[in-house]
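In case you want the letters, here they are:
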Amino acid sequence: NFNVRDSLPKKEKGLKYEINATFGMKRTSPADEASYKVYAIGGDATWATGRKRRLGFGFDIFYDESNKVIHNRDTTNQFSDNDVEFVRPGIHISHDLVIDRLSVVTQMGVYLYSKYKGDGMIYHRVAMRYLLYRGLFFNFSIKSHWANADNIEWGFGYKF
């Protein structure tokens, strides 16, 4: 006698935490042959709202080499060679759809500080995270600013 309800995973209780680090490359335009590195680290706290759904909030710290280049190309801006000025901290809300070892994550965030303002202060991310072993997961994500894709991110994280 097969009961569908018994085959579903049990709802997890309490908060779950995760940290992750990602890396990517991007170009500023099709005509620009140079590739720029993009780094991000972040963390989340999530709680289950159902058997396959989690809601949460978190933080991100981004560094995109191209932001400094674009800022300095504009002659109306004061030239800056200080990489730290182009670090962009942000906070986000998230939704996770959990399918066994795979999570499909959507996030919407806002930069708390950004010297480069060419792409706005709001960012989005769609990610796929695959649980590898005992909390360690692989991350593949696309970061965007509204409908404009910014970069692809590859990385690893840990859930606890």
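Scroll up for the structure.
None of these values were measured; they are calculated from a predicted model. (Residues numbered from 1 in each chain as written. Predicted model: local features only at pLDDT ≥ 70, side-chain atom pairs only at ≥ 80, totals over all residues. Heavy atoms only, no water.)

A. Local environment of the sheet that holds strand β3 (residues 53–64). With respect to topology, 8 strands assemble into a closed barrel ordered β1-β2-β3-β4-β5-β6-β7-β8, the strand pairing being antiparallel. Within the sheet, the average angular offset between the axes of one strand and its neighbour, ignoring direction, is 25 degrees. Here strand β7 (residues 136–145) pairs with strand β8 (residues 148–159) via 10 bridges, running antiparallel. Opposite Phe138, over in β8, you have Phe156 as the bridge partner. Against the sheet, helix α2 (residues 65–73) touches β1 (15–26), β2 (36–48), β3 and β4 (87–99), its axis set at about 50 degrees to β3. (Pairing = 2+ DSSP bridges. Helix = DSSP H or I, 4+ residues; strand = E, 2+ residues; numbered from the N terminus. Axes fitted to C-alpha atoms, helices over the stretch in contact; angles between N-to-C directions. Contact = heavy atoms within 4.5 Å.)

B. Representation of the layout of surface pockets. In this structure, the largest pocket spans a volume of roughly 460 Å³. For the lining of the largest pocket, the secondary structure elements donating two or more residues are β1, β2, β3 and β4. Looking at the lining of the largest pocket, the element that brings in the most residues is β2, giving 4 residues. The residue makeup of the lining of the largest pocket, split by class, is 8 nonpolar, 3 polar and 14 charged. (1 Å grid on protein atoms, 1.4 Å probe; cavity = no way out; pocket = protein on both sides within 12 Å on 5 of 7 lines; lining within 4 Å. Points joined across faces, edges and corners; volume = space filled by probe spheres on them. Nonpolar A, V, L, I, M, F, W, Y, C, P; charged D, E, K, R; others polar.)

C. View of unusual backbone geometry. Residues other than glycine seldom take positive phi values, yet Arg134 does so here, at roughly 45 degrees. As for its placement among the helices and strands, Arg134 is situated in the loop between β6 (122–133) and β7. A positive phi angle, close to 55 degrees, is found at Trp146, a residue other than glycine. Mapped onto the secondary structure, Trp146 falls in the loop between β7 and β8.

D. Structural view of the pattern of salt bridges. On inspection of all chains with the given rule, the structure shows 13 salt bridges. As a salt-bridge pair, Asp150 and Lys26 come within 2.7 Å of each other at their nearest N and O atoms. In this pair, Asp150 is assigned in strand β8 and Lys26 in strand β1, connecting sequence segments 124 residues apart. Judged by relative accessible area, Lys26 falls into the buried class, the value being 11%. (Salt bridge = Lys/Arg side-chain N within 4 Å of Asp/Glu carboxyl O. Buried < 20%, exposed > 50% of the residue type's maximum accessible area, 1.4 Å probe, protein only.)

E. Focus on the side chain of Asp60. Looking at the element boundaries, Asp60 is found in strand β3. At a separation of 2.7 Å, a polar atom in the side chain of Asp60 contacts the side chain of His92. A distance of 2.7 Å separates the side chain of Asp60 from the side chain of Tyr123, its partner in a polar contact. Among all residues touching Asp60, those that are not within four sequence positions of it are Ile41, Gly42, Arg88, Pro89, Gly90, His92, Tyr123 and Arg125. (Polar contact = N/O pair within 3.5 Å; in protein donor to acceptor, adjacent residues only side chain to side chain.)

F. Representation of the pairing of β2 in the model. Relative to β2, β1 runs antiparallel, the two being bridged by 12 bridges. Bridged to Met25 within β2 is Lys37. Both β2 and β3 contribute to a ladder of 11 bridges, which runs antiparallel. In the strand pairing of β3, Ile41 is matched with Ile61.

G. Examining the side chain of Ser80 more closely. Counting through the fold element by element, Ser80 comes out in the loop between α2 and β4. If we skip the residues at most four places from it in the chain, Ser80 touches Lys68, Asn72, Glu85, Phe86 and Lys115.

H. Just the environment of Trp154, in detail. Position of Trp154 among the secondary structure elements: in strand β8. Spatially, the C-alpha atom of Trp154 lies 9.6 Å from that of Tyr39, the residues being 115 residues apart in sequence. Not counting residues up to four positions away in its chain, the partners in contact with Trp154 are Ala21, Thr22, Phe23, Phe138, Asn139 and Phe140.

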